[in-house]
Amino acid sequence: MAQKTLDPEYMPQLKMTQPVAQFGPFPSWYSKEGEHKIVSIDPMGHIPVEAFGKYLDKGFDIRPTIAVTKAHIDLPECKEAIREGRLAPDGAIMTQDGQSHITKVAMEPVWYLPGIAQRFEVTEQNLRESLFRETNMMYPELITRPDLKVFLPPVGGCTVYIWGDPKKIPDPDIELTVRVHDECNGSDVFGSDICTCRPYLTHAIEESIRTAQNGGTGVVIYYRKEGRALGEVTKYLVYNMRKRQEGGDRAEEYFNCTQHVAGVTDSRFQAIMPDPLHWLGITKIHKLISMSNMKYDAITASGIEVVERVPIPPELVPKDAAVEITAKVFEGYEGGGVYKVDEAMMSKVQGRDYDYRKTDIENAAAAGREALQGSGVAAKKQKV
């Protein structure tokens, strides 16, 4: 606007931009007995012309906050899965060269403030005052216009990736595989091995493809919550503290380092995380590709049934990620019989030093990782 390259009065041309797949309306889109299943997105955001046509005819500027399109996904991990025989091309879900066909949905946040306040268990007034203050008073209407119940927050949205027929998603009798994944640029894009993010994401994609080929549907929702929504700068500062602290990078200090830097260990809004699941019409998840107790609790508390939780296979845990997975399992992540962590394991598992030579810490990290990967097997043997 300052450069005057965009006319502030420009109205978008939305012809031929309609969704490539139909979603809803589903019962979860509507309030029932004071309960709002969806409060952080506009359920009608993908169909503004149909939903708000009479207002558009009057000249109102109502823009989509959800867009639905199709794409081909080309991942090296899927090609590897074909070579190793874990996946087989079928020409419909997956091509011979390893590309998978998907429907994808981009969502921008639209907050219904009374519902958001209810989810966060605060008053609407308190929520409005906090948003006004923490956005440096950029939105005075939060205070001056209590009659305006909708707010477009300056936070990231999410993208939904769907393998298989989207129409099958609401049917609880058809197998559904789901991963709710939070953005991690370092791992997801560049392959950093300090966390399990990319391997867990690609494992979920592989499981989604397999489910779709078996007649079900696979869904991966990618949330823009970098560094547990604390941001990438904070995450890198935490990395530095972890590596430089006395005794090195240890599982027992994993969460403490985040607390020392950020004041909290997590700032993700798990209470509103299930909203896109309800928008899709989901009532039952057969396979949840997640070990997170926080995500599981939020999903099930919202009324969605989860049949099975799938942990990341030990062989997919990267070299320097044993610290992360060990600390998370100890704090309550579901190990599913694959990972068993006690206090002795917490003190044993260490990450590498910033010195890339083969140091004592590097050797200790390798030993700890091996112990972690065999923890579930060892626990099963003890039971026998």
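It should be emphasised that the depicted structure is a prediction, and the values quoted were computed from it without experimental measurement.

1. Observations concerning the environment of Ala71
Within the secondary structure, Ala71 sits in strand S1 (residues 66–74). Taking the C-alpha atoms as reference points, Ala71 and Gln118, separated by 47 residues in sequence, lie 37 Å from one another. Discounting residues that sit within four places of it in the chain, Ala71 has contacts with Ser100, His101, Ile102 and Lys104.

2. Some details on the nonpolar core
Soluble, globular proteins show a tendency: their nonpolar side chains are buried together. Core analysis: the biggest nonpolar cluster contains 38 residues, and Trp163, Ile205, Ile209 and Met291 have the highest contact counts within it. Looking at this core, the elements with two or more residues in it are S1, helix H2 (76–83), helix H7 (197–213), strand S7 (217–223), helix H12 (322–330) and helix H13 (343–348). Considering each element in turn, this core owes the most residues, six residues, to H7. Leave out the neighbours within four places in its chain, and Met291 touches Tyr200, Arg309, Pro311, Ile312, Ile325, Val329, Tyr333, Glu334, Gly335 and Tyr339.

3. Digging into the environment of Ile285
Secondary-structure assignment places Ile285 in strand S8 (residues 284–288). A C-alpha to C-alpha distance of 4.8 Å links Ile285 and Val306, two positions 21 residues apart in sequence. For Ile285, the contacting residues outside a window of four places in its chain are Leu176, Val178, Ile299, Ile304, Glu305, Val306, Val307 and Glu308.

4. Examining helix H9 (residues 254–262)
Taken as a whole, H9 has its buried residues at Tyr254, Cys257 and Thr258. What you see down the axis of H9 is that its buried residues fit within an arc of 95°, all on one side. Here the buried face of H9 lies against helix H8 (232–244) and H12. Gly263, located one to two residues past H9, shows a positive phi value of around 90°.

5. A look at the pattern of salt bridges
On inspection of all chains with the given rule, the structure shows 24 salt bridges. Residue Lys79 pairs with Asp74 through a salt bridge whose shortest N-O separation is 3.1 Å. Here Lys328 makes a salt bridge to Glu324, at a shortest N to O gap of 3.3 Å. One end of the pair is Lys328 and the other is Glu324, both in helix H12 and four residues apart, which spans about a single turn. Take Lys328: its relative accessible area is 14%, and that puts it in the buried class. Taken together, the salt bridges that share partners define one network made up of Glu84, Arg86, Glu206, Glu207, Arg210 and Lys287.

What counts and what doesn't
- Residues numbered from 1 in each chain as written.
- Predicted model: local features only at pLDDT ≥ 70, side-chain atom pairs only at ≥ 80, totals over all residues.
- Heavy atoms only, no water.
- Helix = DSSP H or I, 4+ residues; strand = E, 2+ residues; numbered from the N terminus.
- Contact = heavy atoms within 4.5 Å.
- Core = buried A, V, L, I, M, F, W, Y, C linked by side-chain atoms within 4.5 Å.
- Buried < 20%, exposed > 50% of the residue type's maximum accessible area, 1.4 Å probe, protein only.
- Arc of directions from axis to C-beta.
- Salt bridge = Lys/Arg side-chain N within 4 Å of Asp/Glu carboxyl O.

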